[in-house]
Amino acid sequence: MKQFAPGFLIGAATAPHQVEGNNTNSDCWAAEQMRYTNYTEPSLDACDHYHKYAQDIRLLAEAGLNAYRFGIEWARIEPEEGKFDAAQLEHYRAVIRCCRQNGVEPIVTLHHFSSPKWLIAKGGWEAETTPADFARYVRYVMEALGGELHYVCTINEANMGVQVAAIAERYKKQMMAQMAQMQKAGGQQAEAGVQMGMNLQKMLENQQAAAAENAEVFGTAQPQFFTSPRTPRGDELVMEAHKAARAVIRELCPQVKVGLTLSLHDIQALPGGEAEAQKVWDEEFTHYLPAIAGDDFLGVQNYTRARYDASGSMTAPEGAETTQMGYEFYPQALEHVIRKVAAGFHGELLVTENGIATADDTRRVAFIEQALAGVQRCVADGLPVKGYCHWSLMDNFEWQKGFAMQFGLIAVDRAHGQTRAPKPSLAFLGRYAAKG
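Note that the coordinates shown come from a computational prediction; the quantities given were computed from them, not determined experimentally. (Residues numbered from 1 in each chain as written. Predicted model: local features only at pLDDT ≥ 70, side-chain atom pairs only at ≥ 80, totals over all residues. Heavy atoms only, no water.)

1. Some thoughts on the confidence of the model for the protein
- On average, residues of the protein score 93 in pLDDT, and 92% of them are at 70 or above.
- Within the protein, helix α9 (residues 187-191) has the poorest average pLDDT of any element, 43, and strand β2 (residues 67-71) the best, 99.
- Below pLDDT 50 for its whole length, residues 188-198 participates in 11 contacts with residues either more than four positions away or in separate chains. (pLDDT = per-residue confidence, 0-100. Helix = DSSP H or I, 4+ residues; strand = E, 2+ residues; numbered from the N terminus. Contact = heavy atoms within 4.5 Å.)

Listed below in structure tokens is the structure:
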């Protein structure tokens, strides 16, 4: 193992809604409680990081890591439109200072998927008012905390809604083809043609009931969450929100380096798949270049590769190792993505997420070792990579999939007092950081 040079950031990442618990004013919390929810289970007190952050940061630092990427929760700071909670602001100041006291660089994310419930009632991430609303929140936070920060991510995975829209479109086409087949066959015989236990009639009934419940909870039958399928205008609005936030940060805190993060696959084209692969890379990355060209850094977030041939998107190769999330185990993807991104974006690069969901920590260690070997090759070649944050610091609430996914460097026993148990992978990652 070769350590990185002094000044290179080696850290771990979390998102507030996934670890803090009791984020009661957010859209995700409201969605989790619904009768017709898409969530497997509610977050409740999650990992109680809200109260245990000092312990968690200390474990990170004791293992040798020197950076912690975490989020500030908008729904805590501005629980009602235009009304700010000073006590919650002070909570995040305490988290930042705890990092400093432990020799850890805080990398703050201002929006990580979850939004205030009131924002969704106004139209969410398809509303023309959202960029100004986001900028107001950012101003409040940065006026108070900006002097204590060096790196700020405005928006996590700003391209997520575009990726979800592409997946939704693919599923829609598949479902339409299947339903046409079923109409020909008719009745229960038709439903047997799908290789899963599917009750189409019940699905349609639930869809209608969910729309009614959404109208009751959010004031609209089709709430536009940050992770909802995004329209082209919605995509523009996210970039407008980012640019508005960047302007506020530059005005108030010129010493702060500002950027956003993108979800990026290592997109590989097989014969016949070149055009589709290029189209997907443009959707994921290239078309954002004009909006982020003025950023100080880009947060690179990668977990696996995506392959395309003449028939479109391909599944993992036969016999390939896959993770709990169904991703192909492919740590080489990170190096490939860094090199491709560096060809188009010319600011600093931070790996803000990279990791693996697995119950076998030896595979996490192997993943880290291979991924970081690739990062070191990029650094040796002069690419401006300044840090690596592993996802995630601890096993946590993986959104709609609940608590079953194990991404963490630290295990959390939620049934017995939220006790923490560092995994060998935590100390393994810490050994990459230069000491002293």
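2. Considering the pairing of strand β8 (residues 305-309)
- Within β8, four of the five residues are buried, which leaves the element mostly enclosed by the surrounding structure.
- Sheet topology places strand β6 (residues 266-269) next to β8; four bridges connect them, and they run parallel. Residue pairing in the sheet places Asp-266 in a bridge with Arg-305 of β8.
- Of the strand pairs in this sheet, β8 and strand β9 (residues 312-313) are connected by two bridges, and their pairing is antiparallel. Among the inter-strand pairings, Asp-309 is bridged to a residue of β9, identified as Gly-312.
- Taking the residues that link successive antiparallel strands as the turn, the β8-β9 hairpin has two residues. (Buried < 20%, exposed > 50% of the residue type's maximum accessible area, 1.4 Å probe, protein only. Pairing = 2+ DSSP bridges.)

3. Things to note about the side chain of Gln-88
- Looking at the element boundaries, Gln-88 is found in helix α5 (residues 86-101).
- Since its relative accessible area comes to 15%, Gln-88 is described here as buried.
- When sequence neighbours within four positions are dropped, the list of residues in contact with Gln-88 reads Tyr-50, Arg-76 and Ile-77.

4. A short note on the nonpolar core
- In this structure, Leu-110, Leu-298 and Val-341 are the most contacted members of the largest nonpolar core, which totals 122 residues.
- A per-element tally of this core places helix α7 (residues 130-145) first, with seven residues.
- When sequence neighbours within four positions are dropped, the list of residues in contact with Leu-298 reads Leu-260, Leu-262, Phe-285, Ile-292, Val-341, Phe-345, Glu-348, Leu-349 and Leu-350. (Core = buried A, V, L, I, M, F, W, Y, C linked by side-chain atoms within 4.5 Å.)

5. So, the packing of aromatic side chains
- All chains considered together, the criterion is met by 21 aromatic pairs.
- With a centroid separation of 5.1 Å and an interplanar angle of 85°, the aromatic rings of Trp-125 and Phe-226 are classed as edge-to-face. On the criterion of sequence distance, the pair formed by Trp-125 in the loop between α6 (117-121) and α7 and Phe-226 in the loop between α10 (200-218) and α11 (232-252) is long-range, its members being 101 residues apart. Like Trp-125, the residue Phe-226 is buried in the burial classification.
- Taken together, the aromatic side chains of Trp-74, Phe-113, Trp-118, Trp-125, Phe-134, Tyr-137, Phe-226 and Trp-399 make up a single cluster linked through ring pairs.
- Between Arg-305 and the ring centre of Tyr-330, over which it is positioned, the NZ or CZ distance is 4.2 Å. (Phe/Tyr/Trp six-rings, centres within 6.5 Å; stacked < 30°, edge-to-face > 60°. Lys NZ or Arg CZ within 6 Å of the ring centre and 35° of its normal.)

6. With respect to the environment of Cys-153
- Here Cys-153 is to be found in strand β4 (residues 151-153).
- Non-local contacts of Cys-153, meaning those with residues more than four positions away in its chain, are made with Arg-69, Ile-107, Val-108, Thr-109, Leu-110, Gly-259, Thr-261, Phe-297 and Thr-352.

7. Here's the deal with the packing of α7 against α11
- The interhelical angle for the contact between α7 and α11, taken along N-to-C directions, is 25°, at an axis separation of 9 Å. Classed by the angle they form, the pair α7 and α11 counts as roughly parallel. As α7 packs across α11, the resulting crossing turns out to be right-handed. Between α7, through Pro-131, Phe-134, Ala-135, Val-138, Arg-139, Met-142 and Glu-143, and α11, the contact on the second element is made entirely by Leu-237, Glu-240, Ala-241, Ala-244, Ala-245, Val-248, Ile-249, Glu-251 and Leu-252.
- Considering only residue class, the contact of α7 with α11 consists of 12 nonpolar, no polar and four charged. (Axes fitted to C-alpha atoms, helices over the stretch in contact; angles between N-to-C directions. Parallel < 35°, antiparallel > 145°, perpendicular 65-115°, else oblique. Left-handed = near helix turned anticlockwise from the far one by under 90°. Nonpolar A, V, L, I, M, F, W, Y, C, P; charged D, E, K, R; others polar.)

8. Remarks on the sheet that holds β9
- As summarised here, the arrangement of the three strands in space is β6-β8-β9, forming an open sheet in which the pairing is mixed. Each of the sheet's edge strands pairs with one partner strand only, and the pair in question is β6 and β9.
- The sheet contacts of helix α12 (residues 274-284) involve β6 and β8, and relative to β6 the element is tilted by about 160°.
- Relative to β6, helix α14 (residues 333-342) is tilted by about 90°, and along the sheet it contacts β6 and β8.

9. Section: the sheet that holds strand β10 (residues 348-353)
- If you walk around this closed barrel you meet the eight strands as β1-β2-β3-β4-β5-β7-β10-β11, and the pairing is parallel. Strand after strand, the sheet turns through a mean of 25° between neighbouring axes, direction not considered.
- Where β10 meets strand β11 (residues 385-391), three bridges bridge the pair, whose relative direction is parallel. Following the sheet pairing, Leu-350 is matched in β11 by Gly-387.
- The strands touched by α5 within the sheet are β2 and β3 (105-109), with β2 carrying the most contacts at an inclination of about 170°.

10. Looking at the pattern of salt bridges
- Evaluated as defined, the whole model comprises 27 salt bridges.
- One continuous salt-bridge network, built from bridges that share partners, spans Glu-78, Glu-81, Lys-122, Asp-133 and Arg-136. (Salt bridge = Lys/Arg side-chain N within 4 Å of Asp/Glu carboxyl O.)

11. Re the pairing of β11
- Most of β11 is tucked away, with six of its seven residues classed as buried.
- Where strand β1 (residues 9-13) lies against β11, five bridges are found, and the strand directions are parallel. Bridged to Ala-12 within β11 is His-390.
- Running through helix α15 (residues 361-380), the crossover from β10 to the neighbouring parallel element β11 is right-handed. (Right-handed = clockwise from strand over helix to strand, strands pointing away.)

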